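Structural features, examined
Below, each chain spelled out in residue letters.
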Amino acid sequence: MEANFFERVYTLVKQIPEGKVTSYGAIAKALGTAKSARMVGWAMNASHTIDSVPAHRVVNRKGLLTGKHHFDGTTLMQQLLENEGVKVVNNQIVDFDKHFWQPKLEI
């Protein structure tokens, strides 16, 4: 189950457009497993060796870069987001609602 769930998470995360972010919970809801946001987090933690998964586009429900410590360097997650036009201040997405991608509505 876990490997299959992780693959479903990665398939969805690969669809997040450049310059957009989504949350662990939004991914869980889109997959029909609303209470599995923590599992989505585990999947994202395991994805850092898969170049095709844009893990930097997944943040917590408040727009905080809670997964940043899983990236090489102290600011890589922020740099990747800023390269896509997403402003980050104090580890939080500025204008979070503007950048938020709702997978349940988009896929």
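The following paragraphs examine the structure supplied in this document. Keep in mind that what you see is a predicted model, and the values were worked out from it rather than measured. (Residues numbered from 1 in each chain as written. Predicted model: local features only at pLDDT ≥ 70, side-chain atom pairs only at ≥ 80, totals over all residues. Heavy atoms only, no water.)

**Considerations on the overall build of the protein**
The test is simple: The helix and strand labels rest on DSSP assignments: H or I over at least four residues marks a helix, E over at least two residues marks a strand, and numbering proceeds from the N terminus. Type-normalised accessible area, obtained with a 1.4 Å probe on protein chains alone, sets the label of each residue: buried when under 20%, exposed when over 50%, and partly exposed for intermediate values. Any two residues whose heavy atoms approach within 4.5 Å at even a single point are treated as in contact. Reported accessibility uses the Shrake-Rupley method at a 1.4 Å probe radius. Residues are deemed covered only where the shown protein chains occlude them. We treat Lys and Arg as the positive residues and Asp and Glu as the negative residues; His and chain ends play no part in the count. A charged residue contributes its charge at one atom only: NZ of Lys, CZ of Arg, CG of Asp or CD of Glu.
Helix and strand counts for the protein come out as six helices and four strands. Taken from N to C terminus, the helices and strands of the protein fall in the order α-β-α-α-β-α-β-β-α-α. In terms of overall dimensions, the protein has C-alpha extents of about 35 × 30 × 20 Å along its principal axes. Classification of the 107 residues of the protein by burial places 41% in the buried group. For the protein, restricting intrachain contacts to residue pairs at least 6 apart in sequence, the fraction spanning at least 24 positions comes to 63%. A total of about 6200 Å² of accessible surface is found on the protein, and carbon and sulfur atoms cover 49% of it. Each charge class in the protein was averaged separately, 13 positive and 10 negative side chains, and the resulting centres sit 9 Å apart.

**Observations regarding helix H3 (residues 37-45)**
To be explicit about the condition: The arc in question is the one spanned by the directions pointing from the helix axis to the C-beta atoms.
Every buried residue belonging to H3 is among Val40, Gly41, Ala43 and Met44, and all of these are buried. Looking down the long axis of H3, one finds its buried residues gathered within 160 degrees of arc, a one-sided arrangement.

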